[in-house]
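Each chain, letter by letter, is given below.
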Amino acid sequence: MLYIIGTFTDALAATIDPDVHVIRTSGRSTENDGGAATYQRTTATLESNQQNYSWFEAADGSVWQLASGQPYYAAQFGALGGDQIDSRPIIQAALDAPMVGVLNLGPLVHWFSGNIRKPSGKGLVGAGRAISGFRSFQITVQQASPRFGIYCDGDRNGWFADFFINIDRAGLNFGATPAAQLLNRCSGLVIRGDSRSVRVNRVDVYNATGYAHYTAAGDAANSGPTPKDIMRRDCQAYNSQVCFEATSLGTEEETVDCAAWGAPQDGGVTIPMEVAYHAYGGIARVIRRRCSFYGNATGDLTVITDGVDNGEVGFEDCDFETTGTQAGLSVANPDPNGSSVPANAGKITRNYWVRGGRIAGGTFGLLANNAKVRVDGTTFTSRSTGLQITANAAVDLYSPIIKVTGSTTIAVFGVNVEGTGTASWHGAGELTVTNAGTGAVVTFAPSVKFTNTPVITPPSSQLGTALPNYRQRKTGQITQTAWSSYNPTATNKKFYVNIPLATSVASRALTMVNLLLQQPDGSLVWPPQDLTITFNWQSNGLIQVQISTADALTNYSLRYEIVEYLG
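Residues numbered from 1 in each chain as written. Predicted model: local features only at pLDDT ≥ 70, side-chain atom pairs only at ≥ 80, totals over all residues. Heavy atoms only, no water.

Another aspect to go through is the sheet that holds strand β34 (residues 385–389). Taken together, twelve strands build an open sheet; the order of strands is β9-β12-β14-β16-β19-β22-β25-β28-β31-β34-β37-β40 and the sheet is parallel. Both edges of this open sheet fall to β9 (116–117) and β40 (441–444), since each of them pairs with a single strand only. Judged from the four bridges that link them, strand β31 (residues 364–368) and β34 form a sheet pairing that is parallel. Note that in β34 the partner of Leu 366 across the bridge is Leu 387. (Pairing = 2+ DSSP bridges. Helix = DSSP H or I, 4+ residues; strand = E, 2+ residues; numbered from the N terminus.)

Positive phi values are uncommon outside glycine, yet Gln 84 reaches one of about 65°. Along the polypeptide, Gln 84 turns up in the loop between β6 (72–73) and α2 (88–96). At Asp 257, a position not held by glycine, the phi torsion is positive, near 55°. Counting through the fold element by element, Asp 257 comes out in the loop between β20 (252–256) and β21 (259–261). A relative accessible area of 31% places Asp 257 in the partly exposed class. (Buried < 20%, exposed > 50% of the residue type's maximum accessible area, 1.4 Å probe, protein only.)

Right, let's talk about the state of the cysteines for a bit. If you walk through the whole model with that rule in mind, you get zero disulfides. Here Cys 318 is not disulfide-linked; the sulfur of Cys 291 is the nearest cysteine sulfur, at 4.9 Å. (Disulfide = S-S within 2.5 Å.)

What follows is about the packing of aromatic side chains. All told, the structure shown has 15 aromatic pairs when counted by the stated rule. Relative to Tyr 214, the ring of Tyr 211 has its centre 4.4 Å away and its plane inclined at 50°; by these criteria the two rings are tilted. Accessibility expressed as a relative area gives 12% for Tyr 214, which makes it buried. Connected via pairs of aromatic rings, a cluster forms that spans Phe 244, Tyr 277, Phe 315, Phe 320 and Tyr 352. Over the aromatic face of Phe 8 sits the side chain of Arg 28, whose NZ or CZ is 3.8 Å from the ring centroid. Over the face of the ring belonging to Tyr 398 we find Arg 374, whose NZ or CZ atom lies 3.9 Å from the ring centre. (Phe/Tyr/Trp six-rings, centres within 6.5 Å; stacked < 30°, edge-to-face > 60°. Lys NZ or Arg CZ within 6 Å of the ring centre and 35° of its normal.)

Take the sheet that holds strand β4 (residues 55–57) next. Here we have five strands laid out as an open sheet, ordered β1-β2-β3-β5-β4, and mixed in their pairing. Looking along the sheet, the strands with just one partner apiece sit at the ends: β1 (2–7) and β4. Strand-to-strand twist in this sheet, taken as the mean axis angle between neighbours without regard to direction, amounts to 30°. Summarising the sheet, β4 and strand β5 (residues 63–66) pair through three bridges and their orientation is antiparallel. The residue of β5 that forms the bridge with Glu 57 is Val 63. (Axes fitted to C-alpha atoms, helices over the stretch in contact; angles between N-to-C directions.)

This next bit is on the nonpolar core. As a rule of thumb, nonpolar side chains are buried together in soluble globular proteins. Core analysis: the largest hydrophobic core is formed by 100 residues, its most contacted members being Phe 134, Phe 160, Ile 165 and Val 415. Residue contacts for Phe 160: discarding those within four places in its chain leaves Lys 118, Leu 124, Ile 150, Tyr 151, Cys 152, Leu 189, Val 198, Arg 199, Val 200, Asn 201 and Val 203. In terms of nonpolar packing, the next biggest core, distinct from the first, is built from seven residues, Tyr 151, Tyr 214, Ala 216 and Val 275 among them. (Core = buried A, V, L, I, M, F, W, Y, C linked by side-chain atoms within 4.5 Å. Contact = heavy atoms within 4.5 Å.)

Bringing the confidence of the model for the chain into the picture now. The predicted model of the chain averages 87 in pLDDT, with 84% of residues at 70 or higher. Predicted confidence for residues 460–487 stays below pLDDT 50, and this span has 85 contacts to residues more than four positions away or in other chains. (pLDDT = per-residue confidence, 0-100.)

To continue, consider the pattern of salt bridges. It is possible for side chains bearing opposite charge to pair when their charged atoms get close. Per the counting criterion, the structure on display carries 22 salt bridges. Taking the shortest distance from any N to any O, the salt bridge between Asp 162 and Arg 202 comes out at 2.5 Å. With Asp 162 in strand β13 (residues 159–166) and Arg 202 in strand β15 (residues 199–206), this pair connects stretches of sequence that are 40 residues apart. The residue Arg 232 makes a salt bridge to Glu 253 at a minimum N-O spacing of 3.1 Å. Within this pair, whereas Arg 232 is found in strand β17 (residues 230–233), its partner Glu 253 is found in strand β20, the two being separated by 21 residues in sequence. Note on Arg 232: relative accessible area 1%, which makes it buried. Take Glu 253: its relative accessible area is 3%, and that puts it in the buried class. (Salt bridge = Lys/Arg side-chain N within 4 Å of Asp/Glu carboxyl O.)

Note on placement: Tyr 151 falls in strand β12 (residues 150–153). Each C-alpha atom, one on Tyr 151 and one on Val 190, is 4.5 Å from the other, the two residues being 39 residues apart in sequence. Setting aside anything within four residues of it in sequence, one finds Tyr 151 in contact with Asn 115, Ile 116, Arg 117, Lys 118, Phe 160, Val 190 and Arg 192.

What follows is the structure, given as structure tokens:
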């Protein structure tokens, strides 16, 4: 027999017929307040800390427990929302209730004063991320450690979905010293320890003074139990110190279709932002797919810490726009000599790749040191240097598009290689450098190695020299040839020759370019040892030729012949 008894409050005061084994309430405090639930009579020994949450004792001494098999809502446990009402202990009790596999927050905003831990294997879901969620109380006393917010630790196959977390700037600048202020940081949704196969779908975090979405080890040294196979999908982070962070030795995470914004959405104070996407501490594999960022910070910062190499960090079809002076992407070892941590000496990020998408940086589109980087078909834009490649960084470029626009105060550089860095350009692509001011305009460093030549603007930059125009045929004339010559710079092993055409050719397919290299003794050779030639039609009126050889071409001269055939 099912007995309708009224609200939960009514049930506490009821004397229930002994023949009744199942009752149904109509609400928690009032009818239809979302807390209606089904209970069954029990004689089992139940956990005392669950009394008046998942079970209760009626006035007649009978004990009633939430029946299994029904949907479970936070309101059934007493979390009915309401301004400045702390729901943390109620939500925690609801998650800990043994019969609850999935807890639904309902279309309510639940205030919370500290960490809420989701047990392993359970789900915490809302009715929609625009209407369901959490809002943090402000910090009023000095904390001993930062808050996690909503978190799991050692979770197996659990999930979070369809709600928001508004940290509401809790802890911002609270504390007498910078060290104290660090202890008052508050994060949003954290996955810790040896969690496995945890899923986070459509969970948004606002105004976090720590890390909005955070995947981390179980201890401060980032070397304890490590999360693996973590997936965050269609999540957003607004106005947080760090929007998406993955740390600790061996962490594996994918972030898919997620978005980060540096500015607040509520018109309040802007939190000083460190970075949008962050990875460090020897992570094993962190992949971002179709993610985006807009704000005044570095789009991604991948760094070496804790004396171990980073593994794979990848970006596929991402769109990052940095509005300040920071790099769009930065992958680095900030302590390559081990000055602060001796074990950091010589450590690198082993496999950093960027595939497709658009990266807009301030000073740099990409800043790389102590890393192996591969770029496939990505567009980089910046206001100073497209790619900055420094100590012990090896960058392979496959058909990228790099566009750099300077200003009156910034010298611009397309691809800059310094120290022990190396850069190799494969495929075609584009490299464009323009400058509105008087700063140096440098297309690429001389050490860049080209397998295929991109479209380069300006055509020659510092490495090419324009040759005299050839005599181009006119309509009706017989086919004629035109010759000119160029003397390479002494000791140059790679240089560019630009052949400007007085009038555009009628057809590139009917235009032939022949090159002859004259040795210092005047004899002609073709080709000399290890000589490679790459032709690049930049337009119908301009041909750029890249010449490279293992030997210095001192005192050699180059002759070219252009023949245009009648169509």
